[in-house]
Amino acid sequence: MDGEINLVDVAGLLASGVFGSNPPAKRTLLRWVAEGRLPSYKVGRLRRFDPREVAAWIRRNCRVAACHE
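Residues numbered from 1 in each chain as written. Predicted model: local features only at pLDDT ≥ 70, side-chain atom pairs only at ≥ 80, totals over all residues. Heavy atoms only, no water.

Visitor: Is there a simple way to explain helix H2 (residues 26-34) in this structure?
Guide: The α-helix advances 3.6 residues per turn, and as a result positions three or four apart in sequence lie on the same side. When we look at burial in H2, the residues that qualify are Leu29, Trp32 and Val33. Projected down its long axis, H2 carries its buried residues within an arc of 100°, all on one side. Exposed residues pointing more than 90 degrees away from the buried face of H2 are listed as Arg27 and Ala34. On its buried face, H2 is in contact with helix H1 (10-15), strand E2 (46-48) and helix H3 (51-61). Glycine 36, located one to two residues past H2, shows a positive phi value of around 80°. (Buried < 20%, exposed > 50% of the residue type's maximum accessible area, 1.4 Å probe, protein only. Helix = DSSP H or I, 4+ residues; strand = E, 2+ residues; numbered from the N terminus. Arc of directions from axis to C-beta. Contact = heavy atoms within 4.5 Å.)

Here it is as structure tokens:
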């Protein structure tokens with residue numbers, strides 16, 4: 001379904017492929033969450049992520065400069 005939201009844990013987020021072939025460490029992701037940089041949801045005591053929201057966050061915030069820039 002198009003409107004369906006699939007929330008995953010940190011391991012699921014890393015396995016989803018949104019970070020490409022060189023994902024950050026789990027500790028780095030948790031630090032980004034603590035700093036309020038990475039979008040996530042608190043469900044009870046658990047931290048969950050929407051891979052589509054994280055992918056959009058990466059596109060907006062994680063640009064790598066080309067060699068000529």
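Visitor: Help me understand the pattern of salt bridges in this model?
Guide: Applying the stated criterion across every chain yields a total of three salt bridges. The residue arginine 31 makes a salt bridge to glutamate 35 at a minimum N-O spacing of 3.9 Å. Put simply, arginine 52 and aspartate 50 hold a salt bridge, and the shortest N to O gap is 3.8 Å. Owing to a relative accessible area of 47%, arginine 52 belongs among the partly exposed residues under this scheme. (Salt bridge = Lys/Arg side-chain N within 4 Å of Asp/Glu carboxyl O.)

Any link to function would need more than the numbers given here.
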